[in-house]
Structure formats: C-alpha cells, structure tokens
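Examining the three-dimensional arrangement
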Amino acid sequence: MALRGLEMARYLPLIARFVAQNLKSRLAYPADFWTGLASDLVHQAANLVFILVVFQHAPSLHGWRREEVVFIYGYFLVPFAVFHATAANLWDFADRYVVRGEFDRVLTRPLPSLLQVFLETMELESLLGAVTGVAAMAWAGRALGLDWRLADLAIFPVLVAGGVAIYYGIFIALAAVAFWTDSRTGLIPLLWNLNAYGRYPVDIYSRRLRFVFTWVLPLAFVGFFPAAYFLRRGAWGWYAALTPAVGALVLAFGVAVWSAGVRRYRGAGS
Amino acid sequence: MAIIEARQLTKEFRKFKSRPGLAGAFRDLFTRRYETVRAVDAIDLTVEPGEVVGYIGPNGAGKSTTIKMLTGILVPTAGHLLVNGCVPHRERERFVRTIGVVFGQRSQLWWDIAVRESFRLLQRIYGVPDAEYRRRLDELAGVLELGDLLDVPVRKLSLGQRMRCELAAALLHGPSLLFLDEPTIGLDVVVKLRIRDFLREINARHGTTILLTTHDLADIEALCPRVVILDRGRILYDGALDAIRRDGQGLEEVVRAIYQGEAVGGGAGAGPGGRRVPELGGGRAAEGGSAVEPEGGRQYGAGGAG
Ligand SMILES: Nc1ncnc2c1ncn2[C@@H]1O[C@H](COP(=O)(O)OP(=O)(O)OP(=O)(O)O)[C@@H](O)[C@H]1O
Ligand SMILES: [Mg+2]
C-alpha cells in the first residue's frame, strides 16, 4: 500500500497537468460549468431543507438533534465532493469506454488504466460541495458548542481520505463490472444513490441495514462514523478510528476487481 | 532478433446470439445463448526490424483483432507472443512506450483541447525530454504540414487534418514499431499520398518498423514489399508482394481471387494453381527490411499453419 502511494507520487506533476487541462476544457463550455455548479447547490440546499423540515415536528430523532444531523450531512459533503469531482468519469464508463471501445486508447498509453480514466474527465466544480459542507459543519458546530481540538485538524483530512477511498473502491468495482457484462448503462447510475446511506445516523436504520452499511458496503464509515467522532458521540465515534483501514481495504478490493476486468476487456467489435 | 514474433496466436470471442422477434428478445432476457467466434485462428507471424508489412484481408478477417493483441489491448486466448521483446498485455506500461498506434476509426487525441496541448500531454505521459520533443515535433510538423493545425482543438479538425495529427501523436515518443489500422480510411487522394510519403520517409530515415492494415491496395503497392493476407482468422498468404502479382494482372484482381479462395499462382513459379492450394508462392521478407526473397516461403494450407 505504501509502495503504491510512493508510485502515485511519481505521477503528481502529470496529475497537476491533467487537472489544469481539465479545467480549461471544462471552461470551454461555460454553460455546462455553471449548470453543474447550480445543480449541485440546489441539490445540497434541498437536502438541508429536508433535514430542517423533518425536525420541525420533532425535537430529536432517535436521540439525534437537528444540528447534529446537519453536521453529519455537512461532513459527508466533503468526501463526497472530492469523490464526485475526481471520479466523474466512472459514471458512464460502461458505455463510453467499454461498449464504444474507447478503452483501447487508454490501454495504449504507459500509465495505469484506472489513473487515466480518472484523469480524462473530472468535474472539479463539484469541489464546491466541500465548501457547502464545511459551512454546514461550522454553523451546526457553533449551535452545538462543539469543542474542536488541535489534533482534529490533522484527523479531519485522514478521515476524509478514508471516506473517499471507500467511495473509490465501491464505485471502481461497480464500474469494472462492465468488463463482464455487455450492458450499456452499467450499474453505477442505478446505485449512485447508495451514497445517501452514508449521511444519516445509522441507528435510524433496522439492525440488518445497519450491519450492511457498516460491514458489507461500509458507507457508514464515509460520513456518519467520522462525523460522530467530531460530535463526540462516544460509541459511534470510535468506529471512526477504523475509517482509514476500511478505506484501504475497500480501495484495494476495487482495484483488484478492476485489474481482473481489464484482462477480460474485449474491445468494440468493428 | 524479430521485432514481432507470434506463434499460434489465437483470439476467441464469445458472442451473444440474439433470438429473432420481440418474443425472442424477451426470452433472451432470461436465458442467453452464446457462440464462440475465432477471430484469429492460430496464426504465426514474424516481422523483422525495419520491415513495412501490409496486413490485408476482407471485412471481419481478424486484422484489427490481431493488431489489438500485438499492441497489448486484448489478451490472446492462446498462443505465444513477443513484441519488442515484451509480452504485450503482461508488461503493458513498459511495452507501449516502445510502440506507436493509430486507429483510423478512432481518435487517440483529447477531443476538447488544442492539438499542441494534446502533444504536450503526451510528451509528459511518455516523459520525452524537452529538446528531443522539440526536435521531433519540428520534424513531424514539417513533413506532415501541421503548421496551422497545432492551435486548433481536435474536435474542429477535418478527418484528414486529424489523421495527420494522429500520426504525429503516435510518433512523438520515437517508437521503433508503428501499428496502423486503416490509417487512410475516408481520406482524399492528396492526403493519402502525403501519408504514404510520410510513412516511407520515417521508415527510411529512422528504420521504423510498420505494420499496416488497409482496404486500399494502392497503399500496399506504394508501401509494402511484404503482404500478409488473412481470411477468417487464418493466414492465406505471407510473402513478397511481387510474388503474387502476375504479369498483366492488377493487384486488385489477384487479391480478390485469393479472398475468394480461387487459384493463386506464385509469381516466382511456386506451387501449381488450383483451389485452396496448399502451397502459396513467395517467401517471407529477409532479415533487415525491404529486401525480399521470393523463393522458399513457409506453407500455409487449409489444414493448418506450417
Ligand atoms: N469485441 C468483439 N466482440 C465480439 N466479436 C468481435 C469483437 N471484435 C471483433 N469481433 C469479431 O471478430 C471477427 C474479426 O473482427 P476484426 O475487427 O478483427 O476484423 P477486421 O479484419 O479488422 O475487419 P474490418 O476490415 O472490417 O475492419 C469478426 O467476426 C468480428 O465480428
Ligand atoms: Mg478492422
């Protein structure tokens, strides 16, 4: 894992160039850029309003206060924004790369195929979601009188990285399923909304679902457990310590599925 | 040492067989039927450094599939393959640094950014030093007359303009081996001629080995001392172009006859004419490139590769 990390560092200058190039071509279509930005904001506002509406009739849900739920949602937005901005290309991977055969081009270049797919299309404007998220956390944190510690400044990025790794792993594996099927849409549009399960306290779900979102599709580690740590909700907060390990594991799983899939790639019949 | 060495190279595709009609489509949802297609069937192919080889055959013969295996895009179903000293799909990242690839049907460049910026990205990806990059770009832009095109986004280029840029892009890292899958498809005569001149020039100047597929036999006549003819995944002929050309007969006719399994006479007086002759005239190109030995080729028959 550490070795992979070092290897990635070698690509940093290249990644920076791709990011710049992406921004440039993104800005070549300003309408798309602004629509993307606006639709993200509307989406986030709707989710926040939804939380406020739910709490109009009850002071707390399963022992969670309104501000706490807003805080959890705000935290969740940070890893989600990073994931959404950088992994946007996984969305129509099945159609664009596998069915239409664009993966040919990827395989003729001397870079890891997964890295190329990530770099070829990014929606960096989605990073604004992280700003919304931090603002929501700040507002809720003040209302709750949270005590931030200095160490939290270091812990926060680590937990976010773990959450992003979990998303990467899950959605890389789902995208790679395209190598086995000949489906045009793939599984990702179908399962995209799974991400919603990472942003509410898990005890609002049944025991079974709670188990699934903790140990099977560990989405609770993306938003809820880390947020619970910052909220100092003892029992749940402790799970957050596992977030980096769970992230590494899920990402490794996704990459393994991907590598197996690439060997089965058959190109587009011509 | 050979630059391409394929032994019994095979690729099979499992193809979904759809049933006819709406009811059939509905049944397909639950039980799917598959059939296996052998796109490339146990071919042997050896190419020496510096050769220019024309790889031809009717639609669906398996040319693109072969090229995709040779370039590491597809994993062979069976057989041995060594290209530039690598097993392409196994050491993909190291291997692709040594080759250039152009697919006429598909762009290798980034759609939205200017050609020059695409080239710069490729420079970074391949890690080409600045001085070397400038020297190559100057040379390529000169011969391919890219001048004004460099600052245009790829999506705004015409097909012929794009194809010239694709060729330059495939050569920026100075590969010793170039694969071209229908590089002249859809191009006008002037661009075709320019591309042929260009390929001849890089082969002569840098000794670049070239494997090229095309349906335009004029490309072959202009460029390829050696042709390999493929049909239904099997090699029908591998040898000198001159050896299959009979007096007074155009290449078109000869190739059509071979595609249709009709008489093939060796130009150098090899095997007797006849249907699906077991022995075809002509030999493989000799070591060192364009020099060709017309006599004593390997045999390819209906029963199996020799
Ligand atoms: N991805 C694929 N899935 C299934 N079958 C395929 C696939 N790619 C190619 N084939 C089949 O393999 C055979 C050879 O195809 P290939 O594309 O290699 O032919 P070709 O010689 O390049 O033809 P053309 O001159 O039309 O380009 C065909 O029967 C084709 O249908
Ligand atoms: Mg083809």
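Report on the accompanying structure. For clarity, every value in this text was computed on a predicted model and none was experimentally measured. (Residues numbered from 1 in each chain as written. Chains lettered and ligands numbered in written order. Predicted model: local features only at pLDDT ≥ 70, side-chain atom pairs only at ≥ 80, totals over all residues. Heavy atoms only, no water.)

Right, let's get into the interface of chain B and chain A. With 30 residues of chain B at the contact, the number on the chain A side is 29 residues. Both faces considered, chain B and chain A share a buried interface measuring about 2800 Å² in area, 52% of it formed by carbon and sulfur atoms. For the interface between chain B and chain A, the tally reads three salt bridges. Ionic pairing is found between D104 of chain A and K68 of chain B, a salt bridge with its closest N-O pair at 3.8 Å. Inspection of the chain B/chain A interface yields 14 residue pairs in polar contact (both at pLDDT 80 or more). When contributions to the side of chain B that touches chain A are tallied by element, the ones reaching two or more residues are β1 (4-17), α2 (63-70), α3 (92-96) and α4 (115-126) of chain B. The greatest single-element share of the side of chain B that touches chain A, amounting to seven residues, is contributed by α4 of chain B. (Contact = heavy atoms within 4.5 Å. Buried area = accessible area lost by both parts, 1.4 Å probe. Salt bridge = Lys/Arg side-chain N within 4 Å of Asp/Glu carboxyl O. Polar contact = N/O pair within 3.5 Å; in protein donor to acceptor, adjacent residues only side chain to side chain. Helix = DSSP H or I, 4+ residues; strand = E, 2+ residues; numbered from the N terminus.)

This next bit is on the environment of L137 of chain B. Of note, L137 of chain B is situated in helix α5 (residues 130-143). Given the relative accessible area of 9%, L137 of chain B is considered buried. (Buried < 20%, exposed > 50% of the residue type's maximum accessible area, 1.4 Å probe, protein only.)

A few words on the sheet that holds strand β9 (residues 234-240) of chain B. Residue and element names in this part refer to chain B. Strands sit in the order β5-β6-β7-β3-β8-β9 across an open sheet of six strands; the sheet is mixed. With one partner strand each, in any of the chains shown, β5 (99-103) and β9 form the two edges of the open sheet. Neighbouring strand axes in the sheet, compared pairwise and without regard to direction, differ in orientation by 15 degrees on average. As defined by bridge partners, strand β8 (residues 226-231) adjoins β9 across six bridges and the pair is classed as antiparallel. Directly across from V227, in β9, lies its bridge partner G239. Running at roughly 160 degrees to β5, helix α6 (residues 159-171) makes contact with β5 and β6 (177-181) of the sheet. Set on the sheet, helix α10 (residues 251-259) makes contact with β3 (52-56), β8 and β9; between it and β8 the angle comes to about 35 degrees. (Pairing = 2+ DSSP bridges. Axes fitted to C-alpha atoms, helices over the stretch in contact; angles between N-to-C directions.)

Before going further, it helps to examine empty space enclosed by the protein. Applying the stated rule across the entire model yields four cavities of 30 Å³ or more. In this structure, the largest cavity spans a volume of roughly 120 Å³. If you trace the largest cavity, you find it lined by T108 and R109 of chain A together with I99, G100, V101, Q108, L122, Y126, E166, A169, A170 and H173 of chain B. For the lining of the largest cavity, the residue count by class is six nonpolar, four polar and two charged. (1 Å grid on protein atoms, 1.4 Å probe; cavity = no way out; pocket = protein on both sides within 12 Å on 5 of 7 lines; lining within 4 Å. Points joined across faces, edges and corners; volume = space filled by probe spheres on them. Nonpolar A, V, L, I, M, F, W, Y, C, P; charged D, E, K, R; others polar.)

These figures capture arrangement, not role.
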